[in-house]
Amino acid sequence: MISSLSNGDPLFTFCSPEYGNYTPNSQFEANLKNVLDDLSSNITRNISLPGFFNTSRDSQDQRVYGQALCRGDVNSTVCQKCVENASQDIFRNCSSTDAMIWYEFCQVRYSFQMFFSTMVYTGKFPNHNVQEKNVSDQIRFSEVLVYLMNELSNETAFNSSKHMFATGRIRFSRKETIYGLLQCTRDINPESCKNCLDSALGDLNACCSFRQGGIVVSRNCNVRFELYQFYNDTSNSLLTYPFSKGHKWKIWKVVVATCTSILVLTIIIGSCTVYLSRRKETERDDRSEHALLQELARPVAVTITQEGNLVTSEELPFFDLTTIRAATGDFADSNMLGQGGFGTVYKGELPNGKEVAVKRLSRKSWQGLEEFKNEVILIAKLQHRNLVRLVGWGIEGEEKLLLYEFMPNRSLDFFIFDSERRSQLNWEAYYNIISGIAKGLLYLHEDSRHKIIHRDLKPSNVLLDHDMAAKISDFGMARIFCENQNTAKTKRVVGTYGYMAPEYAMGGMFSVKSDIFSFGVILLEIISGKKNSGFYLTEHAQTLPSYAWRLWRQGKELEFVDPLLIESTPTQEIILRCILIGLLCVQEDPEDRPTMSNVISLLQGSESISLSEPKQPAFAVGRVVPSDQSTTDPTLNGLTVSAILAR
């Protein structure tokens, strides 16, 4: 087996901060030592489930549960040694009551709460991913990779002889082969395994489908691919990508078209050279738009630092202003998608046919440059399928531009606040959107390289792709927290009233719990079809959360639900559960609000976390702004910039 990973170093270590630390020399620590020793000693003795072992210790009401899993292709010696090292590392480096560590060949987890046979997806992205080089033909590579991993996903989950472990390979080109590996913990059922793998593969596609390798690890499943054989399993067969019947003809058409384009371009360049030699002062703008696009759309990779300096990078392409002007029709009104406090968003098409949303920051806004730097620095580091992807940027003179992936289904507010469009989606679609927002926030708060607070989560900042999958956008207001930092205070309160947590709107205090409050408001808006902003104009209550809480207390929760959702859901239980989750998120005291990992567990119906009775929400969230005073419009791509409203 060949591997570029260091066998002695963990891929990822997660010491959960949300449940607190155990006391040194306590009974919990003693039980934990025994659990970790059990895992190391018994991991290879489980004949029915080789390479997998669960154990627990309960002494003086201090319960500790432990689980270890070895990669399905390693022998017993490697397995035991890996679990032993992992157990020692997690005990040495984590003092929390819930923690997990991943190595290349094994993983170990312990917790104070029972987690066996429960699937909760929380994907992690090892730093190894950013060290992988990019592939050249990214579109075709992604197609072949997705095909391979989907085939292996079904085999992992539903082929009982595989013990929830599968490897495979597929030819990408004459010289290159993609190798894939997928695995689930063996205490979950096949359906849960498949659901976990689907989530992990979605994240893998978002983070790494353009790279020569990638890994996503989680509590219950792991996925990995490389352009070399990194596993021991030699029994897998070589898969064949199912090209369409006309594929070869398409290749020839591409070749002919490419050659023709090169010939035409050569003629154009030659003609231009002769022409320019006679008239050196001819302006670039006199050339055809097509020629400009072909010539100028060769992105130079650069990155902007905190100090505003430009440095080279392979991650984020820089686009010339002329290219962006040509792609957007010189920022034509017909291509305008929306307008916000910091600028305007336009639809554009790059020379390769890729559609993008171009965010043009306002020249008059003093906040523009700060927001621009913040968004470039931040979002370029974030890669998750539930976050909108920044595909490039440009800066020239006073022009500051951000290029995002284009979202054809606009933003969430376009659907939930319009009765006709709202009826186009059923409960399943809305539930998937809710789950997508939650997973995106979980990544920002716990699973990315930094703890990130969005600070302006609202329906217009939740975009919807062609599959109606939710993607969080607009990171201009976001802030990075240090590893041990939990809260921060600012004199400059930014965001949108109606979605701002009370401690932030009125005191400038923000934390992950501020985002959770915003999530709770959005969840209640999705369920009811009503806006929180301007709700005080109704006769029901001062705010939408207050109205929901009052109906909950009266046992009339279903009166809060949009009747269309009740008709399209197979059971009312899940809707009532979502109302309760929303109310838990909008409680006035930040400490009472759940974490995003708990929210996801609750959404998935996990019995390991009990549903508590929600406390009264804040009746007023700063100053409520009537809906007709909103400074952002629903847009085709939803990339409007947040307004800063005076307190």
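Basis of the calculations
Residues numbered from 1 in each chain as written. Predicted model: local features only at pLDDT ≥ 70, side-chain atom pairs only at ≥ 80, totals over all residues. Heavy atoms only, no water. UniProt positions renumbered as here; feature names shortened; annotations may be inferred. Helix = DSSP H or I, 4+ residues; strand = E, 2+ residues; numbered from the N terminus. Contact = heavy atoms within 4.5 Å. Disulfide = S-S within 2.5 Å. Buried < 20%, exposed > 50% of the residue type's maximum accessible area, 1.4 Å probe, protein only. Axes fitted to C-alpha atoms, helices over the stretch in contact; angles between N-to-C directions. Parallel < 35°, antiparallel > 145°, perpendicular 65-115°, else oblique. Left-handed = near helix turned anticlockwise from the far one by under 90°. Nonpolar A, V, L, I, M, F, W, Y, C, P; charged D, E, K, R; others polar. Pairing = 2+ DSSP bridges.

- The name given to the protein in an unreviewed UniProt entry is non-specific serine/threonine protein kinase, and the organism recorded there is Trema orientale.
- In UniProt, the protein has this text filed under Subcellular location (unreviewed entry): "Membrane".

Concerning the environment of Gly 213
(1) Moving on: By secondary structure assignment, the location of Gly 213 is in strand 8 (residues 213-217).
(2) Moving on: Taking the C-alpha atoms as reference points, Gly 213 and His 128, 85 residues apart in sequence, are found 9.0 Å from one another.
(3) Moving on: Apart from residues no more than four positions distant in its own chain, Gly 213 is found in contact with Glu 132, Cys 208, Phe 225 and Glu 226.

Points about the state of the cysteines
(1) Moving on: In total, this model carries six disulfides according to the counting rule given.
(2) Moving on: With its sulfur 2.0 Å from that of its partner, Cys 70 forms a disulfide with Cys 79. Measuring the twist about the S-S bond at about 85°, one finds the Cys 70-Cys 79 disulfide to be right-handed. You'll find Cys 70 and Cys 79 in the same group, each marked buried.
(3) Moving on: The disulfide bridge from Cys 207 ends at Cys 208, spanning 2.3 Å between sulfur atoms. Looking down the S-S bond of the Cys 207 and Cys 208 bridge, the torsion is -90°, so its handedness is left-handed. Taken individually, Cys 207 and Cys 208 each receive the classification buried, so the pair is uniform in this respect.

Remarks on the packing of helix 13 (residues 512-528) against helix 14 (residues 544-553)
(1) Moving on: Two elements in contact, helix 13 and helix 14, have axes separated by 10 Å at closest approach and are oriented at 70°. Relative to helix 14, the element helix 13 is oriented roughly perpendicular. Crossing of helix 13 against helix 14: the hand is left-handed. Residues Val 521, Leu 524, Glu 525 and Ser 528 of helix 13 form the contact with helix 14, whose own contacting residues are Leu 544, Pro 545 and Ala 548.
(2) Moving on: Along the lines of polarity and charge, the residues of the contact of helix 13 with helix 14 split into five nonpolar, one polar and one charged.

Focus on the sheet that holds strand 1 (residues 12-15)
(1) Moving on: One open sheet accounts for five strands, arranged 1-4-5-3-2; its pairing is antiparallel. The sheet is open, and its two edges are formed by strand 1 and strand 2 (52-59), each paired on a single side. Taking the axes of each pair of neighbouring strands and ignoring which way they run, one obtains an average angle of 5° across the sheet.
(2) Moving on: Where strand 3 (residues 62-70) lies against strand 5 (residues 106-111), six bridges are found, and the strand directions are antiparallel. Residue Tyr 65 lies in a different strand from strand 5, and its bridge partner there is Ser 111.

Some points on the sheet that holds strand 7 (residues 177-184)
(1) Moving on: Taken in spatial order, the five strands line up as 8-9-7-6-10 in an open sheet, and their pairing is mixed. A strand with exactly one partner marks an edge of an open sheet, and here the two such strands are strand 8 and strand 10 (238-239).
(2) Moving on: Bridge count for strand 8 against strand 9 (residues 221-226) is five bridges, and the pairing is antiparallel. Paired with Gly 214 across the two strands is Phe 225, which belongs to strand 9.
(3) Moving on: Of the strands in this sheet, strand 6 (165-171), strand 7, strand 9 and strand 10 touch helix 3 (residues 138-158), which is tilted by about 35° from strand 7.
(4) Moving on: Each of strand 7, strand 8 and strand 9 is contacted by helix 4 (residues 190-208), which is oriented at about 40° to strand 9, the strand it contacts most.

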